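Chain residues, written in single-letter form:
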Amino acid sequence: MKLIITIISNKDIEKVLEALSSAGFMATKISTTGQFLEGGHSCIFIGVEDSKTEAVFDVLGKNVTKRVIKQYGVKSTLSGTLLKQPVDVEEYGGVAFVINVDDFRKF
């Protein structure tokens, strides 16, 4: 068994949860705080059999959106107008970690 921990942009979270549910996967959403994605993000915990891990990744891949956002300014000790120009930055819609589960029980 595997535990898939995902960090998903809040811009995609509802679509991802609906798609996971439609595909028959149960998930738990936890609101989180951090600097991973601009505009907020949430963690989703998904417990699956080893053989279904790729199916979860297929659902996630089809329902998160990679975006290009404008990042204003670069932190620097230097001064100058070029440092304050907006820069296009790719923002991924999510990231996933897979953990082996030795034991699983429902109560």
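Cut-offs and rules
- Counting starts from 1 at the beginning of each chain's written sequence and moves along it residue by residue.
- Only residues with pLDDT of at least 70 are given local features in this predicted model, and only at 80 or more are side-chain atom pairs given and counted; all residues enter the totals for whole chains, interfaces and linings.
- Hydrogens and water are ignored here; the side-chain numbers use all heavy atoms of the structure.
- Buried residues are those whose accessible area, probed at 1.4 Å on protein chains only, stays under 20% of the maximum for their type, while exposed residues exceed 50% and partly exposed ones sit between those limits.
- Helix and strand definitions here come from DSSP, where helices need a minimum of 4 consecutive H or I residues and strands a minimum of 2 consecutive E residues; each element is numbered from the N-terminal end.
- Our arc is simply the arc of the directions from the helix axis toward the C-beta atoms.
- By the convention used here, residues are in contact when the closest approach between their heavy atoms is within 4.5 Å.
- Nonpolar cores are built from buried Ala, Val, Leu, Ile, Met, Phe, Trp, Tyr and Cys residues. Side-chain atoms within 4.5 Å join them into one set.
- Only strands joined by at least two bridges in the DSSP assignment are considered to pair.

*Asks:* I'm lost on helix 2 (residues 53–63) in this one. Help?
*Replies:* Given 3.6 residues to a turn, an α-helix orients residues that are three or four positions apart in the same direction. Along helix 2, the positions that sit buried rather than exposed are Thr53, Val56, Val59, Leu60 and Asn63. Buried residues in helix 2, looked at end-on, bunch into an arc of 125 degrees, giving them a common side. Relative to its buried face, helix 2 has exposed residues pointing more than 90 degrees away, namely Glu54, Gly61 and Lys62. Where helix 2 is buried, its residues touch strand 1 (2–9), helix 1 (13–22), strand 3 (41–48) and strand 6 (94–100).

*Asks:* Sorry if this is basic, but what is going on with the nonpolar core here?
*Replies:* The tendency in soluble globular proteins is for nonpolar side chains to be buried side by side. Of all hydrophobic cores here, the largest spans 13 residues; its most connected members are Leu20, Phe25, Ile44, Ile46 and Val56. For this core, the secondary-structure elements that each account for two or more residues are strand 1, helix 1, strand 3 and helix 2. If you tally residues by element for this core, the top one is helix 1, at four residues. Setting aside residues up to four positions removed in sequence, Phe25 forms contacts with Leu20, Ile46, Val48, Lys52, Ala55, Val56 and Val59.

*Asks:* What is the right way to look at the pairing of strand 1 in this model?
*Replies:* The side chains of a regular strand alternate, first on one face of the sheet and then on the other. Within strand 1, seven of the eight residues are buried, which leaves the element mostly enclosed by the surrounding structure. Relative to strand 6, strand 1 runs antiparallel, the two being bridged by seven bridges. Of the residues in strand 6, the one forming a bridge with Ile7 is Val95.

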